[in-house]
Amino acid sequence: MKKSDSQKEFGYKLMRPFVTMKFKNKYHPVVFGKKNIPESGGIVVCGNHRHVDDQYNFMIATKRVIHMLAKDEYFKGKKEWFYRAAGCIPVDRSIHDENAKSEAREILNNKGAIGLFPEGTRNEVTSKEEEIQKISKILNISTEEVLSKLKNKCTRTTQVNLLIELSKDHKITKDELKEYILDADNALLKLYKKKIITKEDYKESLLLPFKFGAVSLAKKTNSLIIPFATVGDYNGEKEQLITRIGEPIDISSMELEDANKLLREKIIDLMQKI
């Protein structure tokens, strides 16, 4: 490896025990499937994305260095030193960032590990101003009240928007929308049991559409994909935040579209409650 790569791994390994301890003490996470993480070889770690700390749920499960792809905004603030020391790869999401892809491919070709979120952005209401405004108008409360009511709940944008569509299609009333919108996941499970939505509708509501970066990198470098899913809320209660790590996926003989579809299905399977 290049000297810079060694330095990045040194920073990651140095900080990992402290970050792990802080994360575990704050959220009390539970992780299943650690045995599914290969001890060597190129791997692309992929999971669902709802919270700014999602990556740590996987990183605490292995001593391998995981080079996370992170939006370049993180490398322009006060925590720039942290992300660089941890070996993260900055990604300019406004373009097809060839520099980021090249760095990720080099790590994988050297039998290293990278991590990314195929959704490309957080599927979480409070991370998007327009989604907060949308709920504010529906409930006729301030955006501050919306943020307060949804604090630590990780409410998915996709599920809120499905409830809104159901209201527009008169499958639920406006009053039901107001009742359901702050607890979207449980509301949709209830609607599934009432046969107002299908199982497929519910499954699709769990994730944003996937970008092709993960499967493309894995295929070009002959690396395995390790799917994981984090469910529950970041409220600090014991055994509330749960991560499930799936078995490695070999997509070397698959077309990218089929591989991307398979990856999404695997992550949904790890997330499902039904």
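Just so it is clear, the structure is predicted and the values come from calculations on it, not from any experiment. (Residues numbered from 1 in each chain as written. Predicted model: local features only at pLDDT ≥ 70, side-chain atom pairs only at ≥ 80, totals over all residues. Heavy atoms only, no water.)

Q: How would you explain the overall build of the protein chain if you had to name every residue and give the values?
A: A count of helical and extended segments in the protein chain gives twelve helices and seven strands. In terms of C-alpha radius of gyration, the protein chain reaches 19 Å, essentially the compact-globule figure of 19 Å for 274 residues. Referenced to the eigenvectors of the C-alpha coordinate spread, the extents of the protein chain come out at roughly 60 × 45 × 35 Å. Carbon together with sulfur atoms contributes 50% to the accessible area of the protein chain, which is approximately 14,500 Å² in total. (Helix = DSSP H or I, 4+ residues; strand = E, 2+ residues; numbered from the N terminus. Rg over C-alpha atoms; globule rule 2.2 N^0.38 Å. Areas by Shrake-Rupley, 256 points an atom, 1.4 Å probe, with all protein chains shown as cover.)

Q: Go over the layout of surface pockets with me, naming the residues and quoting the values.
A: Taken as a whole, the second largest pocket encloses approximately 320 Å³ of empty space. Among the elements that make up the lining of the second largest pocket, the one with the highest residue count is helix 9 (residues 184-193) (three residues). (1 Å grid on protein atoms, 1.4 Å probe; cavity = no way out; pocket = protein on both sides within 12 Å on 5 of 7 lines; lining within 4 Å. Points joined across faces, edges and corners; volume = space filled by probe spheres on them.)

Q: I'd like a description of helix 4 (residues 98-109), backed by residues and values.
A: The end-to-end C-alpha distance of helix 4 is 16 Å, a good match for the 16 Å that twelve residues give at a rise of 1.5 Å each. Buried residues in helix 4 make contact with strand 2 (43-47), strand 3 (66-71), strand 4 (89-91), strand 5 (113-116) and helix 11 (213-221). Residue Asp97 occupies the N-cap position of helix 4, its side-chain oxygen lying 3.2 Å from the main-chain nitrogen of Asn99. One or two positions beyond helix 4, positive phi appears at Lys111, with a value near 65°. (Expected span 1.5 Å × (residues − 1). Contact = heavy atoms within 4.5 Å. Polar contact = N/O pair within 3.5 Å; in protein donor to acceptor, adjacent residues only side chain to side chain.)

Q: Kindly report on the sheet that holds strand 6 (residues 224-231), identifying the contributing residues and their values.
A: Spatially, the seven strands line up as an open sheet ordered 1-7-6-2-5-3-4, and their pairing is mixed. Here the strands that pair on one side only, and so sit at the sheet edges, are strand 1 (30-32) and strand 4. Across the sheet, the mean angle separating the axes of adjacent strands is 25° when strand polarity is ignored. In this structure, strand 1 lies alongside strand 7 (residues 242-245), joined through three bridges in parallel fashion. By the bridge assignment for strand 7, Val31 is matched with Thr243. (Pairing = 2+ DSSP bridges. Axes fitted to C-alpha atoms, helices over the stretch in contact; angles between N-to-C directions.)

Q: An account of the packing of aromatic side chains is needed here, citing residue identities and associated values.
A: Enumeration according to the criterion identifies eight aromatic pairs in this entry. A centroid spacing of 5.7 Å and a plane angle of 50° characterise the contact between Phe23 and Tyr56, whose relative ring orientation is tilted. Separated by 33 residues along the polypeptide, Phe23 in helix 1 (residues 3-27) and Tyr56 in helix 2 (residues 54-59) bring together distant segments of the chain. Seen from their ring centres, Phe75 and Tyr83 are 5.9 Å apart, and the 50° between their planes marks the pair as tilted. Across this residue pair, the class does not change: Phe75 and Tyr83 are buried. Pairwise contacts between aromatic rings join Phe23, Tyr27, Tyr56 and Tyr234 into one cluster. (Phe/Tyr/Trp six-rings, centres within 6.5 Å; stacked < 30°, edge-to-face > 60°. Buried < 20%, exposed > 50% of the residue type's maximum accessible area, 1.4 Å probe, protein only.)

Q: Hey, could you go over the nonpolar core for me, with residue numbers and the actual values?
A: In terms of nonpolar packing, the biggest core is built from 54 residues, with Ile135, Leu163, Ile181, Ile225 and Leu263 touching the most fellow members. The element best represented in this core is helix 12 (residues 256-271), accounting for six residues. Non-local contacts of Ile225, meaning those with residues more than four positions away in its chain, are made with Val44, Cys46, Ala214, Val215, Ala218, Glu247, Pro248, Ile249, Ile251 and Leu263. (Core = buried A, V, L, I, M, F, W, Y, C linked by side-chain atoms within 4.5 Å.)

Q: Tell me what's going on with the pattern of salt bridges, and back it up with residues and numbers.
A: For the coordinates displayed, the defined rule picks out nine salt bridges. Of the charged contacts, one joins Lys203 and Glu200 as a salt bridge, the two residues approaching to 3.9 Å between their closest N and O atoms. With Lys203 and Glu200 both in helix 10 (residues 199-204), this residue pair falls three residues apart, about one helical turn. Judged by its relative accessible area of 43%, Glu200 falls in the partly exposed class. (Salt bridge = Lys/Arg side-chain N within 4 Å of Asp/Glu carboxyl O.)

Q: Requested: an account of the pairing of strand 7, with residues and values cited.
A: Sheet topology places strand 6 next to strand 7; four bridges connect them, and they run antiparallel. Bridge assignment links Phe228 to a residue of strand 7, and that residue is Ile245.

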